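Fold and contact review
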Amino acid sequence: MLTSRNLLLKPGGFHFWLEDPRGRDCIIAGRQSLEQNDPDREDSVFVRVFGDGEITFQAEFFEAPPGEVFLHGDLGETLPRTGRPPEPESGGRSRFEFFPFESRGGGKFSLTLRLPVGGYFSFRLAARTGEGVLAWEPWPYHKLMIDPPQLRCLKLYTLIPTISGTLRDWRRDLDRIKDLGFNAVHILPFTEMGPSQSPYSAANLFAIDPDYLEGPDDLENFVRRAEELGLALCIDIVLNHVSTSSFLAESKAHWLTPDFNRPDGLRRAGAWHMDNWISWEDLVLINYDHPDPQTRKELFDYMKDYLMYWGGIAQRTGGFIRLDNLHSSHRGFIYWILEEMRREAPGIGILSEFFGANDTLRRGVGRWGLNLLMANTWEYPFVPQFRDYLAHVHASSHSIRYLLEPTSHDTPAVAELFASPDSAVPRYFCCALMGTGQTGIVQGYELGCPRKINFIGRQGRVVLEGLRDLGGFIRQVNRLLEAYPVFQGYDNIQFLNSEHESLLGALRFSPPRKSSAPGAPVDGEQAGAFLLLANFDINGSCEYSRLKSGDAEPLLLEGAEILSQDGILKVRLSACGVAAIRLFPQG
């Protein structure tokens, strides 16, 4: 029987670390801490890995090595190679269990666990002394986020239901989306809409809007086709508000936030834009702070059923959910419902619309276990600012991962944001190949649509017209992102200086192979680099040159040409031209 007198292991007397699947060691505790990503904790750490391999914990004791070492945590879905751990101190089953390390001699211990496909776990080191007393690591429980493997290389296509016809039309569109090289489809909410006809103003959270249906099996056939094509579905979830004419407003008004200054007595949802508060008159706030415990439980359970219904559909396809407007959500409820979801739907990914200061984002990711946050690349129109933002994304990726899209369904089109539809080329090129492996576009982007698509209003199936067919280009970029893991990594980018303010250039490096762990470079990528160039000028051309130290293989030239001469690699890019070139070392 393990007993504990609340003893703490001596800081500095041991070294506790985790073998990173990329071949580098992540210090966890003992000599130093990896990082304090969660401001609510002191000296605990937050570690992220992809769930398609194994993970090894290592511990080394420098003074009086203990007889036994354990990992205490809720990693119950993993299976230690050394067999099942002993039961917890209480003698009953618990989500937290003791996982025994294997002694390697000389005060060294190790534990290898197979990773589940995803999840969010807590763990802490413990050791049994010679007297049989259990001593604990002197830091709080650490966090281990296991990202679903489908997020390693994510190419997300956003489908706008209100302009796309019925579910049968969407099912046929899946083949086109797959042909463009995407592996996931984000669908704006397609629940029954209220009078404003906004996808985010639901009249019934459990019913599909009748305009999208032609038969009772339409949803099942759509999901089955996505499964056949290997397309992960991302289902949009709205937890903060419902329509003023919703089932909840009419039958469960006491679940909603009161406002006695309103004729209907219900508070409207809204958001801050700059210094102005925008009230959404078609939306009423859900009251997760209801003072009556029984009412609060009924509300929580109802919203959990909503999340699990749609999340279960996403899980079938190896997909994920998108949390709308998370920065305005009730924090306690989000913590509870995501814990419930992970318990019932392990492996599902979480994409969040979550904006705020860096500390706020890091705290939210650490508290809730968010796999992916929406980036806001459209707020950086000029090369210097965009370059700095990409550098920030790479620097943050050990704790926060971003979905880099040139635009979103809420933003204006590229032609409106950057004065030319041609800007769609360098924008997507950089988001896909200068990011960390997660990117996508909104419906209409592939056609260079000159204006934002209005996603509000039942419009039936709309034939989109654009200024330029970018399908072939997007297909090439997506194939490169899929084929070369170098574009899926982070901290492996070097931005290049240029005399042209409109030229964004970078080198992506593949480190030498250290193991066969997930994320390690494939054979043939152990040396050399990938040169990426993008001209953001919508009118003028530019050139980039560098000393040629070896062979150069063009991978993608869109509005660009290579002019090599006299040992110089010279690339000329027309307006909005891009180039991806693989460089090989000499000899």
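Residues numbered from 1 in each chain as written. Predicted model: local features only at pLDDT ≥ 70, side-chain atom pairs only at ≥ 80, totals over all residues. Heavy atoms only, no water.

1. Examining the overall build of the chain
Of regular secondary structure, the chain possesses ten helices and 31 strands. Every one of the 587 residues in the chain was classed for burial, and the buried ones make up 57%. Here the contacts in the chain between residues at least 6 apart in sequence split such that 71% fall between residues at least 24 apart. Per element, the accessible surface of the chain, about 24,300 Å² overall, is 48% carbon and sulfur. (Helix = DSSP H or I, 4+ residues; strand = E, 2+ residues; numbered from the N terminus. Buried < 20%, exposed > 50% of the residue type's maximum accessible area, 1.4 Å probe, protein only. Contact = heavy atoms within 4.5 Å. Areas by Shrake-Rupley, 256 points an atom, 1.4 Å probe, with all protein chains shown as cover.)

2. Re the pattern of salt bridges
For the structure on display, the rule yields 33 salt bridges. Note that D169 is salt-bridged to R172, the shortest N-O span being 2.7 Å. With D169 and R172 both in helix α1 (residues 167–179) and three residues apart, this pair spans about one turn of that helix. Under the relative-accessibility criterion, R172 is labelled exposed at 52%. (Salt bridge = Lys/Arg side-chain N within 4 Å of Asp/Glu carboxyl O.)

3. As for the environment of L134
Secondary-structure assignment places L134 in strand β11 (residues 133–136). Residues L134 and E68 lie 66 residues apart in sequence; the distance between their C-alpha atoms is 9.3 Å.

4. With respect to the sheet that holds strand β14 (residues 184–187)
Pairing between sheet strands relies on hydrogen bonds along the backbone, with the strands arranged either parallel or antiparallel. Judged by pairing direction, the sheet is parallel, and its eight strands sit side by side in the order β24-β23-β22-β21-β17-β14-β13-β25 without closing on themselves. Edge strands, defined here as strands with exactly one partner in the open sheet, are β24 (402–403) and β25 (438–442). Where strand β23 (residues 372–374) meets β24, two bridges bridge the pair, whose relative direction is parallel. Of the residues in β24, the one forming a bridge with L373 is Y402. (Pairing = 2+ DSSP bridges.)

5. Considerations on the side chain of N492
Mapped onto the fold, N492 is located in the loop between α10 (471–483) and β26 (493–496). The exposure class assigned to N492 is buried, which follows from its relative accessible area of 11%. If we skip the residues at most four places from it in the chain, N492 touches H394, V486, L507, R508 and F509.

6. Focus on unusual backbone geometry
Its identity as a non-glycine residue notwithstanding, Q197 has a phi of 60 degrees, on the positive side. Its identity is not glycine, yet N325 carries a phi of approximately 55 degrees, on the positive side.

7. Describing the packing of aromatic side chains
Applying the stated rule across the entire model yields 34 aromatic pairs. In textbook terms, an aromatic cluster arises when at least three aromatic residues are bridged by ring pairs, as seen for W170, F190, F206, Y212, F222, F247, W255, Y302, Y306, Y309 and W310. Geometry around Y141 places R124 over its ring, the cationic atom sitting 5.5 Å from the centre. Sitting above the plane of the F386 ring, R427 keeps its charged end 4.6 Å from the centroid. (Phe/Tyr/Trp six-rings, centres within 6.5 Å; stacked < 30°, edge-to-face > 60°. Lys NZ or Arg CZ within 6 Å of the ring centre and 35° of its normal.)

8. What to know about the nonpolar core
Within the largest apolar cluster, 117 residues are counted, with the highest numbers of intra-cluster contacts made by L239, M303 and F429. For this core, the leading source of residues is helix α4 (residues 293–316), giving ten residues. Apart from the residues within four sequence positions on either side, M303 is in contact with L205, V238, L239, I286, Y288, F333 and I337. Listed in part, the 28 residues of the second largest apolar core include L18, V45, L75 and F101. (Core = buried A, V, L, I, M, F, W, Y, C linked by side-chain atoms within 4.5 Å.)

9. Remarks on the packing of α1 against helix α2 (residues 218–229)
At a minimum axis distance of 9 Å, the contact between α1 and α2 shows a crossing angle of 10 degrees. On the basis of the axis angle, α1 is roughly parallel to α2. In this structure, α1 contributes L167, R168, W170, R171, L174, D175 and K178 to the contact, and α2 contributes D218, L219, N221, F222, R225, A226 and L229. Residue classes in the contact of α1 with α2 are distributed as seven nonpolar, one polar and six charged. (Axes fitted to C-alpha atoms, helices over the stretch in contact; angles between N-to-C directions. Parallel < 35°, antiparallel > 145°, perpendicular 65-115°, else oblique. Nonpolar A, V, L, I, M, F, W, Y, C, P; charged D, E, K, R; others polar.)

10. Describing the pairing of strand β13 (residues 154–159)
Taken across its six residues, β13 has six buried, putting it largely inside the fold. Note: β13 against β25, five bridges, orientation parallel. Note that in β25 the partner of T158 across the bridge is V442. Each parallel crossover has a hand, and for β13 linked through α1 to β14 it is right-handed. (Right-handed = clockwise from strand over helix to strand, strands pointing away.)

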